[in-house]
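One-letter residues, chain by chain:
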Amino acid sequence: MTSTSYRFAGLLLILVLLLVRLLRASGARSVVSSLPFQIGVLSAAGVFIVPTRLQIPGYNHALVYIAERMSLAVGICLCALLAAAPMRAYHRYAMGVVALLFFGFLYRDEGALNAFEDRMTRLVSQLPPGQRVVSAIDDPTLHINALTHMIDRACLGRCYSYANYEASTAQFRIRAVTESPIVVSTYEDSWRLQTGSYVVKQSDLPLYQVDLDQAGHMAIRSLTAGAQSGITYWDVL
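In this report, the structure presented in the accompanying data block is examined. (Residues numbered from 1 in each chain as written. Predicted model: local features only at pLDDT ≥ 70, side-chain atom pairs only at ≥ 80, totals over all residues. Heavy atoms only, no water.)

### Examining the overall build of the protein chain
And step 1. Counting secondary structure elements, the protein chain contains eight helices and eight strands.
And step 2. The globule rule puts the C-alpha radius of gyration for 237 residues at 18 Å, and the 23 Å found for the protein chain is more than 25% above it.
And step 3. Each of the three principal axes of the protein chain carries a C-alpha extent, and together these read 70 × 45 × 30 Å.
And step 4. In the protein chain, buried positions account for 31% of the 237 residues.
And step 5. Restricting to contacts in the protein chain with at least 6 residues of sequence separation, those with at least 24 account for 63%.
And step 6. Here the protein chain displays about 14,800 Å² of accessible surface, and carbon together with sulfur accounts for 63% of that area. (Helix = DSSP H or I, 4+ residues; strand = E, 2+ residues; numbered from the N terminus. Rg over C-alpha atoms; globule rule 2.2 N^0.38 Å. Buried < 20%, exposed > 50% of the residue type's maximum accessible area, 1.4 Å probe, protein only. Contact = heavy atoms within 4.5 Å. Areas by Shrake-Rupley, 256 points an atom, 1.4 Å probe, with all protein chains shown as cover.)

### Re the pairing of strand β7 (residues 218-222)
And step 1. With five bridges joining them, strand β6 (residues 207-212) and β7 adopt antiparallel strand pairing. Opposite V210, over in β7, you have I220 as the bridge partner.
And step 2. In sequence, β6 turns back onto β7 through a hairpin of five residues, with G216 there showing a positive phi of about 85°. (Pairing = 2+ DSSP bridges.)

### Considerations on the side chain of D204
And step 1. Position of D204 among the secondary structure elements: in the loop between α8 (187-195) and β6.
And step 2. There is a polar contact of 2.6 Å between the side chain of D204 and the side chain of Y162.
And step 3. A polar atom in the side chain of D204 sits 2.8 Å from the backbone nitrogen of K201. (Polar contact = N/O pair within 3.5 Å; in protein donor to acceptor, adjacent residues only side chain to side chain.)

### Observations regarding the pairing of β6
And step 1. Summarising burial for β6: six of the six residues are buried, a large majority.
And step 2. Side chains L207, Q209 and D211 of β6 all project onto a buried face; the interleaved residues Y208, V210 and L212 project onto the opposite face, where all are buried too.
And step 3. Both strand β3 (residues 132-135) and β6 contribute to a ladder of four bridges, which runs parallel. Within β6, the position partnered with V133 by the bridge is Y208.

### Regarding the packing of aromatic side chains
And step 1. In this structure the tally under the stated criterion is three aromatic pairs.
And step 2. With a centroid separation of 5.0 Å and 85° between ring planes, the pair formed by F102 and F103 is classed as edge-to-face.
And step 3. We classify F103 as exposed; its relative accessible area is 52%.
And step 4. On the basis of an interplanar angle of 85° and a centroid distance of 6.4 Å, the ring pair of Y165 and Y187 is categorised as edge-to-face. (Phe/Tyr/Trp six-rings, centres within 6.5 Å; stacked < 30°, edge-to-face > 60°.)

### Some words on the pattern of salt bridges
And step 1. Enumeration over the complete set of coordinates arrives at five salt bridges.
And step 2. Close ionic contact of R153 with E117 constitutes a salt bridge, the shortest N to O distance being 2.9 Å. Highlighted residues: R153 in helix α6 (residues 150-154) and E117 in helix α5 (residues 89-124), separated in sequence by 36 residues.
And step 3. A relative accessible area of 39% places R153 in the partly exposed class.
And step 4. A salt bridge links D211 to R221; its shortest N-O distance comes to 3.0 Å. (Salt bridge = Lys/Arg side-chain N within 4 Å of Asp/Glu carboxyl O.)

### Some remarks on helix α4 (residues 66-82)
Residues separated by three or four positions in an α-helix point in the same direction, a consequence of the helix having 3.6 residues per turn.
And step 1. With 17 residues, α4 extends 25 Å from end C-alpha to end C-alpha; this agrees with the ideal 24 Å at 1.5 Å per step.
And step 2. Buried within α4 we find A67, C77, L81 and L82. Within α4, the buried residues cover an arc of 120° as seen down the axis, which keeps them to one side. Exposed side chains of α4 directed beyond 90 degrees from the buried face belong to R69, L72, I76 and C79. (Expected span 1.5 Å × (residues − 1). Arc of directions from axis to C-beta.)

### So, the side chain of N164
And step 1. Topologically, N164 is positioned in the loop between β5 (160-161) and α7 (166-169).
And step 2. Every residue in contact with N164, bar those within four places of it in the chain, is listed here: D152, V183, V184 and S190.

### Describing the state of the cysteines
And step 1. By the definition in use, this model includes one disulfide.
And step 2. Covalently, C155 is tied to C159 through a disulfide, its sulfur atoms 2.1 Å apart. Classification of the bridge connecting C155 and C159 rests on its S-S torsion, roughly -95°, and on that basis the disulfide is left-handed. No difference in accessibility class separates C155 from C159, as the two residues are buried.
And step 3. We note that C79 lacks a disulfide partner, and the nearest cysteine sulfur, in C77, lies 9.4 Å from it. (Disulfide = S-S within 2.5 Å.)

This is how it looks when you write it as structure tokens:
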């Protein structure tokens, strides 16, 4: 088991103990008729019923992760429900231990990601202002792709994040309605740049890519027309 699995198991155990205490103290009928329980059930049903991907006319990309985002409401309702459970001292101590573990690992992980982004920022700052830059670094071990938008933030005031997907989706205020010199105009090109399968065009040049060299050091290379952008994998954490 990983550290995440142990933390989840510990939290789940505490929640189950609190639920048992709540049922004994208030009774099942009172718990089921409570507002947090009913809203939580409806929210949980929404997670399973509502599609996680929805294509809306006028947008060039679907709205995604709908169900995953709705799970936050379920968690809030669960906390509101169990807050009424009578707690003993060992419940508080156990919750404190789980919280310390969670935030301790979170601090460590965020520190590693911040250091990675600082390296990227220092690297792109060496380029002449206003250059087109993409990132070709990914970490497949992460549950979510925490590296995707790092190049966007690193380029603020310095360069253009050429693979940024927002302009091509037509879901945001700034949209690419035709070919642009600062960002790709189609989501397909954005996705190919993010996954390393994009074939560079002459009109893209000059185009720079943040990459990892053979020694695992972050570096910038200039892409050439006709070449595939490529991607490198690195265990950030």
